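Below, each chain spelled out in residue letters.
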Amino acid sequence: MKLNRRFNFVLLLLFLSFCLQACTAAPEEDNQLRQFQRTFLGSFDTVTQVVGYERNEDAFNEVCDEIEKRLMHFHQLYTIYDDNDESNNLKKLNEGAAEKPMPVDPLVMDLLKEGKTFTLKTNGSFNCCLGSVLSLWHDARERAVKNPAEASLPSKEELAEASSHCNPEDLILDEKSHTVFFKDPELKLDLGGLAKGYVVERLARELEAEGVNHYLISAGGNVRSIGDGLPDRPWRIGIQNPDPEKQGLLDTVALHKGAVVTSGTYERFFICDGKRYHHIIDPVTLFPSDRYQSVSVQCANSGTADALSTALFNMSIEDGEQLAEQFEAAVLWLDNAGELHMNARWKEIRLPADAPHR
Ligand code: ADP
Ligand code: MG
């Protein structure tokens, strides 16, 4: 796990450092504003980067401290790996919600509602109840990273058995009593494909309501603008090339307001018998999805973009285009043959790679 994370970290930094150079959306109406940046590790097991325009560094630091604090609070509620003594987080639900309905914080209820809705809308291509299957792959990855020579895959039998416990209808969300119950004793939640994007969206809206403007946040590939932005000065977002051998970016897009999220097979993986096994699991084959190297989604809501980027990994481009249109999302696919595909909305937001900084 550690090895993978370090790799992930390096790639992310490469991407983010480009993003930084590129984000020159200096608001013209106030030439007193200067650009500041901060990068930190911790929440959601990933790198978060904040770029913002403020009059002075203290003002920027104040916003960043808030962001760091709030991200950690969300992390503690939404993790399936860490304990939280204060309230019923997703780990506690996975341990106890099959025995009796468990009371939850409204923030947990809301994430689960979004997750279940998205699961139903994507017909399970994104499935927040896939935890029993995903945990088999997660454990295999942990074992392989600790001891590469002993790497092994989950067996087809155990995967098939686990997949019979992933029905979203067995996740009972009772909004009146604020409780969560699993009708299937083996059901397990995994919101890893939605939580970061959902949190970034929530946080961005909170900060906007508090008057924060001209900021960009990126949490592990989930990028969201904060504030209205200026029509003639979009943020420039570079999409990382997953192949470290290849120079340059896959693409560059203009973001006025909203989110850009990328899911990639290069983020978390392990090697077994010389073959790479990544972390997005196709609910039909129960194996890592084998269509794409990365999928990027641009749309208004960062939670939608996150879940959509995971769902699209498990669909053909034709089906994916139809799904994306329901959310007015722009999409860029890099397939396993190294070919780029994009829908019409993506073509509209592309910038020439050598466009001058504004
Ligand atoms: P990352 O979180 O690494 O940026 P994604 O947003 O694509 O990448 O989410 C991948 C995570 O989503 C996995 O680590 C796992 O927790 C979860 N996941 C994997 N496959 C699926 C799936 N088919 N449906 C829902 N969640 C999934
Ligand atoms: Mg995702």
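Everything that follows concerns the structure shown earlier in this document.
Reference entry: report on the structure contained in this document. Keep in mind it's a predicted model, so treat the numbers as computed, not measured.

1. Section: the coordination of the magnesium ion (ligand 2)
So, step 1. The coordination sphere of the magnesium ion (ligand 2), as far as protein atoms go, consists of Asp306 (O), Asp306 (OD) and Thr310 (OG1), spread over 2.2 to 2.3 Å. Within this pair, Asp306 and its partner Thr310 are both found in helix α8 (residues 302–313), separated by four residues, close to a single helical turn.
So, step 2. You can call Asp306 buried: its relative accessible area is 5%.
So, step 3. Given the relative accessible area of 14%, Thr310 is considered buried.

2. Re the sheet that holds strand β13 (residues 292–299)
So, step 1. Pairing in this open sheet of eight strands is antiparallel, and the strands run β1-β2-β6-β7-β10-β13-β14-β15 from one edge to the other. Edge positions in the open sheet fall to β1 (34–41) and β15 (340–342), since each of these has one partner strand only. Ignoring which end each strand starts from, the neighbouring axes of this sheet average 10° apart.
So, step 2. Judged from the three bridges that link them, strand β14 (residues 330–335) and β15 form a sheet pairing that is antiparallel. Among the inter-strand pairings, Leu332 is bridged to a residue of β15, identified as Met342.
So, step 3. Helix α7 (residues 195–209) rests against β6 (215–219) and β7 (222–226) of the sheet, and its axis sits at about 10° to β7.
So, step 4. Its contacts with the sheet put α8 on β7, β10 (259–264), β13 and β14, and the angle it makes with β13 is roughly 150°.

3. Focus: the site of ligand 1
So, step 1. Neighbouring ligand 1 are 18 residues; Asp190, Ser263, Glu267, His279 and Ile281 lie closest to it.
So, step 2. One nitrogen or oxygen atom from the main chain of Gly192 is found 3.4 Å from an oxygen atom belonging to ligand 1.
So, step 3. Gly193 has a polar backbone atom sitting 3.0 Å from an oxygen atom of ligand 1.
So, step 4. Protein burial of ligand 1: of its 560 Å² of free accessible surface, 93% is covered by the chains.

4. Overview of the environment of Thr48
So, step 1. Mapped onto the fold, Thr48 is located in strand β2 (residues 47–54).
So, step 2. Residue Thr48 is classed as buried on the basis of its relative accessible area, which comes to 2%.
So, step 3. When the C-alpha positions of Thr48 and Asn222 are compared, they lie 9.0 Å apart, and in sequence the two are 174 residues distant.
So, step 4. Beyond its immediate sequence surroundings of up to four residues, Thr48 is in contact with Arg38, Thr39, Phe40, Leu71, Ile217, Ser218 and Ala219.

5. What to know about the sheet that holds strand β4 (residues 171–174)
So, step 1. On the basis of which strands lie adjacent, the open sheet formed by three strands has the order β3-β5-β4 and antiparallel pairing. Single-partner strands in this sheet number two, and they are β3 (102–103) and β4.
So, step 2. Bridge analysis of β3 against strand β5 (residues 179–182) gives two bridges, and the strand direction is antiparallel. For Pro103, the partnering residue across the bridge sits in β5 and is Thr179.
So, step 3. Those strands touched by helix α4 (residues 106–121) are β4 and β5, and its axis lies near 135° from that of β4.

Reading guide: rules and limits
Residues numbered from 1 in each chain as written. Chains lettered and ligands numbered in written order. Predicted model: local features only at pLDDT ≥ 70, side-chain atom pairs only at ≥ 80, totals over all residues. Heavy atoms only, no water. Donors = N, O, S within 2.8 Å, 3.2 Å for Na, K, Ca; no water. Helix = DSSP H or I, 4+ residues; strand = E, 2+ residues; numbered from the N terminus. Buried < 20%, exposed > 50% of the residue type's maximum accessible area, 1.4 Å probe, protein only. Pairing = 2+ DSSP bridges. Axes fitted to C-alpha atoms, helices over the stretch in contact; angles between N-to-C directions. Contact = heavy atoms within 4.5 Å. Near = heavy atom within 4 Å. Polar contact = N/O pair within 3.5 Å; in protein donor to acceptor, adjacent residues only side chain to side chain. Areas by Shrake-Rupley, 256 points an atom, 1.4 Å probe, with all protein chains shown as cover.

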